[in-house]
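Descriptive analysis of the structure
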Amino acid sequence: MTQQAPVSVVPAAHRQAKYQVRFDWGVEGAAAVAADADVVVWVDALGPGNNADERDAPDELPGDGAVLLAGLTDAGAVARWILDEQVRLGRRAMIALVAAGATTPEGTLRFAVEDLLAAGAVVDALAALGIDYSSPEAAAACAAFTGLRGAVAHLLTASVSGQERITGGEAASDIAARGRLGASETVTVLRASRQSGGPAAE
């Protein structure tokens, strides 16, 4: 069953509204930080696995902005896409990064280090392009990535999610490959911007 973003009253502080780059977790985090975003980035470093129904991007995320999918391999390409969108808009683009996370055996959201690192990689790539007014949450994800940049492939295989997948029969080398920074120039657009003239979904 595909997740839907919940309808609820979000406390103002949770919106991180004064920051250009925000970061939160799961569909509830998307409800908090994505409503006024020009670009929403759904961060899922390993992609759907055995729990694909639970880890797919939600059918509908808040707001009218474009929705992109990102991991570690395409973080730089995603950042460049966002810069191009900012140029198209002719103003500062508001960006919401939402980590997919993983699930516990009970089906609740679980922290996933691979998604924290991938979100941080996107924040770092954005900063390199001059988009660096980040919330503390986004800045902390970036610091985690930059501090561990040289070990991300190993961390993917050693993480809880990586070990679950290896136990389930997935090759460690395939998991590690998803940590190859800059390996992909392709940007997956899950939803085109609903703002005038937005690029089409791929």
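Since the structure is predicted, the reported quantities are computational estimates derived from the model, not experimental observations.

1. Concerning the pattern of salt bridges
- Summed over all chains, the structure comprises nine salt bridges.
- Notably, a salt bridge pairs Arg194 with Asp64, separated by 3.9 Å at the nearest N-O pair. With a gap of 130 residues between them, Arg194 in the segment after β7 (188-191) and Asp64 in the loop between α2 (52-55) and β3 (66-70) connect regions that are remote in the sequence.
- Here the residues in one salt-bridge network are Arg165, Glu170 and Arg178, joined through shared partners.

2. Here we look at the packing of aromatic side chains
- Per the counting criterion, the structure on display carries three aromatic pairs.
- An angle of 50 degrees between the planes, with centres 5.3 Å apart, marks the rings of Tyr19 and Tyr133 as tilted. Of this pair, Tyr19 sits in the segment before β1 (21-25) while Tyr133 sits in the loop between α4 (113-128) and α5 (136-148), and the two are 114 residues apart along the sequence.
- Its relative accessible area of 37% is what places Tyr133 among the partly exposed residues.
- Taken together through their ring pairs, the aromatic side chains of Phe23, Trp25 and Phe111 make up a single cluster.

Cut-offs used in this document
Residues numbered from 1 in each chain as written. Predicted model: local features only at pLDDT ≥ 70, side-chain atom pairs only at ≥ 80, totals over all residues. Heavy atoms only, no water. Salt bridge = Lys/Arg side-chain N within 4 Å of Asp/Glu carboxyl O. Helix = DSSP H or I, 4+ residues; strand = E, 2+ residues; numbered from the N terminus. Phe/Tyr/Trp six-rings, centres within 6.5 Å; stacked < 30°, edge-to-face > 60°. Buried < 20%, exposed > 50% of the residue type's maximum accessible area, 1.4 Å probe, protein only.

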